[in-house]
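# Chain and residue survey
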Amino acid sequence: MRARSKLFQNNERIHMRRGFSAAPNPRPLGQPAQVQTKVLENKVVVASAESQLPVCRVSITFRAGARFENYESLGASHMLRIAGSLSSQNATAFALTRNLQQKGISLSVTSDREVVSYTVESTLDGVECGLHYLQEVVQPAFKPWELSDAVPWIKTQAAAVPPQVRAVELAHKSAFRHGLGNSVYIPKFHIGSLSSETLLHYVANNCTASRCAVVGVGVEHDALVGFARSLPLKSGDGKSDASTYHGGDARKDTPGNYTHVAVAGPGAGVSNQKEALAFSVLQYAMGAGTFTKRGNVNGAMGQAVHAAVGEGNFAFAALNASYLDAGLFGFVVSADAQKVGKAISAATKVLKSGSVSENDVNRGKALLKRAVLEAYGTDKDVLTEMGVQACLTKQVQSADALVSAIDSVSAQDVQAAAKKAGSSNLSVGAVGNLSHVPYASELV
C-alpha cells in the first residue's frame, strides 16, 4: 500500500539534528547482515544493519496484528493496511502521494497476526524526506468519507484471497477460535462498518512505544535512534491475551471440482526458541515444497501424498506457523475433489506417526540454514526479520547465532516436535468441493 504526507514545518531542524545517511561501509553482496540493537528508555527497540545497495529501508513495526482484535474490531489490522494510502492526521492522501512520488520514495504497510509494519524505501538523497513521511503515516486519521470511498477496494481485496490462504485462515480459526484465530482479512460483515472511533481506539491501544520496534538497513544506528526518540508514541501495554489451542473444523463449500485443505496440530511459539527451531527443521524434513525446477515434493509427508494421489494434479507443502506464545504445524494440500481424501489420509498418517528419519532431519537442518542465510543476505528480507524479532522478543539474533542454534537441534528434538503435533486434536480448514474431505474427528 502506498502512503503519503506533507512536510513538517521543522523538517530542516530535524535534518540537522539527526543527520540521516547511509551506513559508511556497505556489506558485500550475499554476506549476512550484522545487526546492532538498542532498547530506548520508552521501551522502543531500535535495530540497524548495513546495506548492500545505495537504498535505505526503515520500518516501524507494532504489535498490533489481528490477534489483538476483539469481535467489535475484527478487521482493524486490515484497515491499518488500507490507511497507508489515506490521509494522516497532518496531511491529505493527495499531498502524501504526490510528495512521495516526486522523490521516488516507496512507503508500504503490511501486517500479519501479530505485527503491523510501516516501511519506507528511498535512495540516499531522499531518506530524510522518506523518514519524515514514515513518521507521518503512523498517525492515521481514518476520515469517515475516505473509509467509505475505500469499500470497493476492500471488497476486491477480500475477494482476491487465494483459496489455499483461505484454508490456512480457517485452520487458524478452528485451532484458536479467538486471538490467533482472527483472520488477517476483514470479515465481510465488517466491510464499511468499522467506524473511525473504533479504528482510532485500536491504534491508541496497540501502536504504543512499548509495543514498537524501529529497524533500518542502510541508515546509521545513532541516526535511527534519534528518529525513534522523535516518534509521537503514547505509553501503554495494550492487550496481550494468550491464545489457547483447541482444534476442530472450519469449512467453506464452494462450487467446482478442486479442494484446498489445511490440517494442523499445535506447534511452538518463538518464545521457546529451541522448540520453534525443531518445528522449523521438521517442516523442511516433511516437505516444504520443491527446491529444484519441476522437481517432485520431498520428505516423508510429501512423498506419501504423491503416492496417494498418483498422476493427478495436486500441490502440497508442510505448514509451520510460529507466533510469540503458540504455533501450528501440519500441511496444506490442494487436489481434485475425488482424490483429496486419499491425500489427506496419507499426510495425516505420517503426521500422526510422530516419526522422522535421521536423513530427513539432516536434510531439514540444511534447508533451514539455507533459508536463514538467504533471509539475512538481502536487505529487504533482513529488514522484515529484524522488525518481527525486535517487536516480539526485544532483540535481534545474528545469522551466525541462528545457524549455530539450528546445528544444536538434535534428532530427538525433532521427534518430540513431531509427536507433539500429531498426538493432539487436529484442526482442519477446508475450501472448495468438500464432498471427500474428512472432519477432524475422523483423522486418526
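Residues numbered from 1 in each chain as written. Predicted model: local features only at pLDDT ≥ 70, side-chain atom pairs only at ≥ 80, totals over all residues. Heavy atoms only, no water.

### Let's talk about the UniProt feature "domain: Peptidase M16 N-terminal" (unreviewed entry) in the protein
For clarity, the cut-off: UniProt positions are given in the numbering used here, feature names are shortened, and annotations may be inferred rather than shown by experiment. Numbering of helices and strands runs from the N terminus, with a helix taken as a DSSP run of H or I at least four residues long and a strand as a DSSP run of E at least two residues long.
Residues annotated in UniProt with the feature "domain: Peptidase M16 N-terminal" (unreviewed entry) correspond here to residues 46-187. End-to-end, the C-alpha atoms of residues 46-187 are 34 Å apart, and along that stretch the chain is 41% helix and 18% strand.

### Remarks on the packing of helix H10 (residues 273-286) against helix H13 (residues 358-377)
Short version of the rule: An axis is simply a line fitted to the C-alpha atoms; with a helix, the fit covers only the stretch in contact. Between two such axes, the angle follows the N-to-C directions and lies from 0 to 180 degrees. The labels follow the angle: roughly parallel below 35 degrees, roughly antiparallel above 145, roughly perpendicular from 65 to 115, and oblique for the rest. Throughout, a residue-residue contact means that at least one pair of heavy atoms, one from each residue, lies within 4.5 Å. Each residue receives one of three labels: charged for Asp, Glu, Lys and Arg, nonpolar for Ala, Val, Leu, Ile, Met, Phe, Trp, Tyr, Cys and Pro, and polar for the others, Gly being one of them.
The contact between H10 and H13 brings their axes to 7 Å, and the two run at 105°. In terms of axis orientation, H10 runs roughly perpendicular to H13. Of the residues in H13, those touching H10 at Leu 277, Ser 280, Val 281, Tyr 284 and Ala 285 are Asp 360, Val 361, Arg 363, Gly 364, Lys 365, Leu 367, Leu 368 and Ala 371. Residues that form the contact of H10 with H13 fall into these classes: eight nonpolar, two polar and three charged.

### Digging into the nonpolar core
What counts, and what does not: Residue types Ala, Val, Leu, Ile, Met, Phe, Trp, Tyr and Cys, when buried and joined through side-chain atoms within 4.5 Å, form a set referred to as a nonpolar core. The buried label applies to any residue whose accessible area, calculated with a 1.4 Å probe on protein chains only, is under 20% of its type's maximum; exposed applies above 50%, and partly exposed to all values in between. Where each domain starts and ends follows an automatic or database-derived domain assignment.
Counting residues in each nonpolar core, the largest one holds 67 residues, and the members touching the most others are Val 261, Leu 282, Phe 331 and Ile 344. Of the residues forming this core, the biggest block, nine residues, is contributed by H10. In this structure, this core is formed jointly by two domains, domain 1 (35-230) and domain 2 (248-442), each of which donates at least three residues. Core analysis: the next-biggest nonpolar cluster, separate from the first, contains 54 residues, Ile 60, Leu 100, Val 137 and Leu 224 among them.

### Quick word on the sheet that holds strand S11 (residues 427-432)
Note the cut-off: By this definition, two strands are paired if DSSP reports at least two bridges between them.
Strand order in the open sheet formed by five strands is S7-S11-S8-S10-S9, with mixed pairing between adjacent strands. The sheet is open, and its two borders are formed by strand S7 (248-253) and strand S9 (314-322), each paired with just one other strand. Across the sheet, the mean angle from the axis of one strand to that of its neighbour is 10°, orientation sign disregarded. Contacts between helix H7 (residues 163-176) and the sheet are confined to S7, strand S8 (258-266), S9, strand S10 (327-336) and S11, with S11 contributing the most and set at about 150° to the helix. Sheet strands in contact with H10 are S8, S9 and S10, and its direction is about 175° off that of S9.

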